[in-house]
Amino acid sequence: MGTVSVSSDYSRSLLVASAAAGDTGDAGGSLRARIEASRVHVSIDPAVPGSATALEVLVADLRRLPVQLSLDPGHGANRLGHDLVDRLQDLATGIDPDRPLTIGGMPPSAFHARLGLDHSEADVTGAPDGHGASIRRTGHAFRSLRHRGSGLGAMLTAALLTGEVFKSVTGLKPGTYRQITSLDFCPVTLTGSDSVAPAPVHVERLALAGAGAIGTAVALILSMLEATGELIVVDKEVFEPPNVMTYSLGTTHDAARAVPKVDLVKAALPLIDVSAVHGTIDDLIARIDARQLEMPASVLGALDNIAARHDMQRIYPDLILDGGTGGRAGTTVSLHEARPTGPCMRCYFPNAPTGPSLEQRIHEATGLPLPRIARGDDPLTEDDLRGRSPDERRRLRPHLGRPVCGLARLIGLTADDGPVDFRPSAAFVAQQVASLMIGALIARSRTTNLGTTRQVEYDTLYGPHPDMVDGRRPHAGCYCQTSASVIEAVRQQRA
Ligand SMILES: [Zn+2]
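Since this is a predicted model, take the numbers as computed values, not measurements.

1. Quick word on the overall build of the protein chain
- Regarding its fold elements, the protein chain presents 19 helices and 15 strands.
- Residue burial in the protein chain is summarised as follows: out of 495 residues, 57% are buried.
- Taking all contacts inside the protein chain whose residues are at least 6 apart in sequence as the whole, residues at least 24 apart take part in 69%.
- In the structure as shown, the protein chain presents an accessible area of about 19800 Å², 49% of it carried by carbon and sulfur atoms.

2. Observations regarding the pairing of strand 12 (residues 319-326)
- With 7 of 8 residues buried, strand 12 is to be regarded as a mostly interior element.
- Where strand 11 (residues 298-301) meets strand 12, 4 bridges bridge the pair, whose relative direction is parallel. Looking at the pairing, Val299 lines up with Ile320 of strand 12.
- Alignment of strand 12 against strand 13 (residues 332-338), held across 7 bridges, turns out to be antiparallel. Each residue of the ladder has a partner; that of Gly323, found in strand 13, is Leu335.
- The hairpin formed by strand 12 and strand 13 contains 5 residues between the paired strands, and Gly327 there has a positive phi angle of roughly 85 degrees.

3. Let's talk about the packing of aromatic side chains
- By the definition in use, this model includes 3 aromatic pairs.
- A ring pair is formed by Phe185 and Tyr458, whose centres lie 6.4 Å apart and whose planes are at 75 degrees; its orientation type is edge-to-face. Here the residue Phe185 occupies a position in strand 7 (residues 182-185), and Tyr458 occupies one in strand 14 (residues 453-459), the gap between them amounting to 273 residues.
- Among the residues examined, Tyr458 registers a relative accessible area of 2% and is labelled buried.
- Above the face of the Phe142 ring, Arg136 is positioned so that its terminal group lies 5.2 Å from the ring centre.

4. Observations concerning the confidence of the model for the protein chain
- Looking at the protein chain, pLDDT values average 88 and 90% of them are 70 or higher.
- Every residue in residues 1-8 is under pLDDT 50, and counting partners more than four places away or in other chains gives 14 contacts.
- Low pLDDT, under 50, characterises residues 412-424; the stretch is placed with 31 contacts to residues that sit more than four places away or in other chains.

Each value, and the rule that gives it
Residues numbered from 1 in each chain as written. Predicted model: local features only at pLDDT ≥ 70, side-chain atom pairs only at ≥ 80, totals over all residues. Heavy atoms only, no water. Helix = DSSP H or I, 4+ residues; strand = E, 2+ residues; numbered from the N terminus. Buried < 20%, exposed > 50% of the residue type's maximum accessible area, 1.4 Å probe, protein only. Contact = heavy atoms within 4.5 Å. Areas by Shrake-Rupley, 256 points an atom, 1.4 Å probe, with all protein chains shown as cover. Pairing = 2+ DSSP bridges. Phe/Tyr/Trp six-rings, centres within 6.5 Å; stacked < 30°, edge-to-face > 60°. Lys NZ or Arg CZ within 6 Å of the ring centre and 35° of its normal. pLDDT = per-residue confidence, 0-100.

Written out as structure tokens, the structure is:
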């Protein structure tokens, strides 16, 4: 009754939105209608350094929501160049050929997001400041910028602005979010500002584990930073249609061709010598042990499950910077710094899932075959209902059009904040995780002694805050403590 089936295109964005809005069951249809009726207008002061780079991410992120999207081309000396406007329209079309980016003035009752430094011109305005971002609502003046905006600052600015648009168009319940009125945040210092101006970024002996929502955001930041050097990237999957809405790289055309995800990363980084491993982390370890690839000193973890994190730990690099999303609506972002001597990934995530797997529990509750559940990103279709019992059909029908991997939470198999491997992820959330990861990489390249090994966590529906950083110690009974000599021997062999 009242069920509206949603097309596959925006199902992941809508899943995050409906979870954040506290919707269950068939309310997703009315939420979609609400978002589709929303007008979002974007404008830019091109004189602000880094704003044009941020604009490309902002337009792409907003196109991943089914809103009516328009862009002010500016006028006079501030008119955007034809090349940039063409590129923005191509970006939007690559994500959704059916919803073009409208070029023109602000439509009535639109939510106005702006890149610039005058808080009075839009509902919310942002500007990159060095590697960080400044965000202001109307009535809150900007401080003067300390540094020219970097690619990292541009990415974070766009992701935070998209978060503010998301809060507005999804009509979240009071108490489930907080509007940003005035925020200055640098992901390198994890404070409001950075006394050091951004320097060119050069990476070596670095690996990226996972080229999904977070991994592609990491790659896009490195690209926008014009980073140079060498990078290993490992991922076993190919790019598929639902990924277009949650990843920071890749178009509907790439999805139609089922491009390996590692190839998207490689193509985005022409200034970096990328070694792409289209396989598992064990495949990567085998190639390191065979001396076909150099042992990485640092690994950026962009994985979505605990087992893969444990696999990544067995590379035993000097440093792991593990990013993740979680929380009730998949809007919480986290960074875990890990060492071979601890805290390691097993200290952070001690329990590989025991008992029946999540897939097994979805299978038992819905009758869906396990191979079908394994294709978790594919939306539930009428075909999937065929052959199910009346009871199973009744449970499944409200979730038609939604990705199968979200079923566990939607049908109440998992506690709201329980340890769930699968999380829906929106691009702007994954980009904030990636910003924390690259921020930590830059921070640790500046000094070898940052003191404690850190864990960072905040909910993007509330934004970064001063209490989000914790020091972490190894867990006394963990493998990294009880088998330290074995780990050191493996590291010596690979060095
Ligand atoms: Zn450990």
